Amino acid sequence: MSTKYVVIIQCDIAHRRCSGFACTNAFYNKDEVFKSYDGDTKNISFTCGGCCGKGIAAKLEHLSKKLKTKSNINNEEVIVHLSSCMTTDNHHYDRCPHVDYIKSIILKKGYKNIIEGSYISKGSEKKRNEGIYNSYT
Ligand code: SF4
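The sections below set out a description of the structure shown in this document. Fair warning: this is a prediction, and the values are worked out from it, not measured in the lab.

On to the overall build of the chain, then. Counting its regular elements, the chain contains six helices and four strands. Going from the N terminus to the C terminus, the chain shows its helices and strands as β-α-α-β-α-β-α-α-β-α. Since a compact globule built from 137 residues should have a radius of gyration of about 14 Å, the 15 Å found for the chain is in line with a globular shape. The C-alpha extent of the chain, read off along each of the three principal axes, is 45 × 30 × 25 Å. Expressed as a percentage of its 137 residues, the buried residues of the chain come to 26%. When contacts within the chain are restricted to residue pairs at least 6 apart in sequence, long-range pairs at least 24 apart make up 78% of them.

Pasting the structure below:
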């Protein structure tokens, strides 16, 4: 089944100082983790809603409702990307301690396709490779 919608979920704390430009730009440029999506794939980004991530439930319910009433896209055609600011050690801070909990909510809301990562910062990747930042892969 082809991917019709990519949802990027950002860390709410990072979002206070980050517009999300790099992740959206990486999506439209089909960089790295987004390279397999074709030009028709749509994108939406929103935050987890703040610690502990519980707010993502309501946002995904809203998304499901809108996909159903405003499009012909079903949940299986959606891929959820947990942004790099959530899933890696990076210049904002270390990996979110609630990632597994957030994933469990996403699954419970009917979105089975979850990928960790969005825009990959070359600087942060270098520091992960050098052991300055933690690595979780
Ligand atoms: S739950 Fe995780 S991703 Fe969400 S604001 Fe807190 S640290 Fe960031």
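Spatial strand order, β2-β1-β3-β4: four strands in an open sheet with parallel pairing. The sheet is open, and its two edges are formed by β2 (42-47) and β4 (114-116), each paired on a single side. Strand after strand, the sheet turns through a mean of 25° between neighbouring axes, direction not considered. As defined by bridge partners, strand β3 (residues 78-82) adjoins β4 across three bridges and the pair is classed as parallel. Note on β4: the bridge partner recorded for V80 is I114. Running at roughly 165° to β2, helix α2 (residues 21-29) makes contact with β1 (5-10) and β2 of the sheet.

Counting buried positions along helix α6 (residues 122-129) yields zero of eight residues, so the element is predominantly exposed. Where α6 ends, the next residue or the one after it, G131, has phi of about 85°, a positive value.

Rules and cut-offs
Residues numbered from 1 in each chain as written. Predicted model: local features only at pLDDT ≥ 70, side-chain atom pairs only at ≥ 80, totals over all residues. Helix = DSSP H or I, 4+ residues; strand = E, 2+ residues; numbered from the N terminus. Rg over C-alpha atoms; globule rule 2.2 N^0.38 Å. Buried ≥ 20, exposed ≤ 12 C-beta atoms within 10 Å, placed from the backbone. Contact = placed C-beta atoms within 7 Å. Pairing = 2+ DSSP bridges. Axes fitted to C-alpha atoms, helices over the stretch in contact; angles between N-to-C directions.

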